[in-house]
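Given next are the chains, with one letter for each unit.
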Number of protein chains: 2
Amino acid sequence: MSSVKRRGLLFIVSGPAGSGKTTIITKLIDAGDFVFSVSATTRAPRPGEVDGVDYFFVTKEDFKDRIRRGEMLEYAQYVDNYYGTPRRAVEKQLEEGKDVLLDIEVQGALQVMQQMKDAVSILILPPNSKELEKRLRSRGTEIESVIQARLERAHLEFKYFTQYNYVVISKDNCVDEAADEIRAIKKAESLKSSRNTYIKESFFE
Amino acid sequence: MSSVKRRGLLFIVSGPAGSGKTTIITKLIDAGDFVFSVSATTRAPRPGEVDGVDYFFVTKEDFKDRIRRGEMLEYAQYVDNYYGTPRRAVEKQLEEGKDVLLDIEVQGALQVMQQMKDAVSILILPPNSKELEKRLRSRGTEIESVIQARLERAHLEFKYFTQYNYVVISKDNCVDEAADEIRAIKKAESLKSSRNTYIKESFFE
């Protein structure tokens, strides 16, 4: 068994603003359960940002070339810039046996699912829409129209619910519980027979 | 959410003699993670055995009727008696929200998978065939021909490897680890979006 280099697993995690997603993911990354993949962007580096660490900073021409060559697992355009996930960087981490987590909104997640059939997708949700609204308001920083737009968006995104393999509910003050649930998903996925066919081949050696 | 009565999950667990299966399962049942389902048999009760607790003791006529009516999730004949899993008892436990574990050999497991598409199947294996042989010999109670027959049987059963959803390796002195892996599988399975579509319906109520 030890002679087999275990390939890492790719996790796609989505969740609306107010789902608690960022807090949960940060906890998992800090604990070493997953690594992030570095995204590519065409926007200019901000002071202190390092190429290859914070982002791969590339030109628009380069980014469009990568899209054409199928080198982006997903991408999106915001205002005047492109943002996306380079396939090669993810593949390299997986080959090194690292479990990679992509924190990604629904449209990007659907693109990755199309390209990486082996990926495990998780949707993080608050218990219900009332709780979601409460959390968005409690930030105290957003104007009403933004809150309404976010609720509307969460509503629209619900039609992709069953595209995700798993759904994790982030109850109030239960970040650890949600993180543990994602750890259980990771462990279970690594035990799938389809991911361990080498056992079938090596058992009687 | 609390208004929705959660249906229990059905787990099928198989593993060759010497896999450590019985020790692991006993640990999980004792800890309350799963309940067993009571089997039916046509053999006579032994002293102390209670009908409906140890087995449902039924006549051969009754057992064959149940088979004909499709009431057995699986069954097998050993020597002159029938043994099997009555569907109704399992369904009742699942409806009560209990997670039911069927400890069952490969042929029976395949029958249950056919009938219960929602069931989660787990194959418990020792690390390799040398370890399996060592464990069978260490019992010190079995004659050589029985050991050889068991190894041969394990070999034959390997062709059903990929029919199981998960494979858990029971390393020496790692019963707790294997039990934890099965707990992780249980948790992950309960988080599958396909098992939680009620969230989609109730989120915006």
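Note that the structure is a prediction, hence the values are computed from the model and not measured.

**A closer look at unusual backbone geometry**
The general pattern is negative phi for most residues beyond glycine and trans for most peptide bonds. All names here are of chain A. With a phi close to 60°, N173 is a non-glycine residue in the positive phi region. Inspection of the secondary structure puts N173 in the loop between β9 (166-169) and α7 (175-190). Take N173: there are 8 C-beta atoms within 10 Å of it, and that puts it in the exposed class.

**Considering the interface of chain A and chain B**
Counting residues at the interface gives 30 residues for chain A and 30 residues for chain B. Broken down by secondary-structure element, the contributors of at least two residues to the side of chain A that touches chain B are β8 (120-125), β9, α7 and α8 (197-202) of chain A. Among the elements that line the side of chain A that touches chain B, the one with the most residues is α7 of chain A, at five residues. Across the side of chain A that touches chain B, the residue classes tally to 17 nonpolar, nine polar and four charged.

**Overview of the relation of the copies chain A and chain B**
Once turned by 180° and shifted 0.0 Å along the axis, chain A lies on chain B with an RMSD of 0.0 Å. Both copies of the chain, as the preceding transformation shows, are related through a two-fold rotation axis. Every residue of chain A has its C-alpha some distance from the rotation axis, and the shortest such distance is that of A184 of chain A, at 2.3 Å. Same-surface contact between copies: 100% of interface residues of chain A are shared with the interface of chain B.

**Concerning the domain arrangement of chain A**
Residue and element names in this part refer to chain A. Along its sequence, chain A is organised into domain 1 (9-34 + 99-191) and domain 2 (38-97). The gap between the C-alpha centroids of domain 1 and domain 2 is 22 Å. Listed as interface residues are ten residues of domain 1 and, on the opposing side, seven residues of domain 2. With five residues, the single largest contributor to the side of domain 1 that touches domain 2 is helix α4 (residues 106-115). Among the residues making up the side of domain 1 that touches domain 2, the classes are represented as six nonpolar, four polar and no charged.

Rules of the game
- Residues numbered from 1 in each chain as written.
- Chains lettered and ligands numbered in written order.
- Predicted model: local features only at pLDDT ≥ 70, side-chain atom pairs only at ≥ 80, totals over all residues.
- Helix = DSSP H or I, 4+ residues; strand = E, 2+ residues; numbered from the N terminus.
- Buried ≥ 20, exposed ≤ 12 C-beta atoms within 10 Å, placed from the backbone.
- Contact = placed C-beta atoms within 7 Å.
- Nonpolar A, V, L, I, M, F, W, Y, C, P; charged D, E, K, R; others polar.
- Least-squares fit on C-alpha atoms with pLDDT ≥ 70 in both.
- Domains from an automatic or database assignment.

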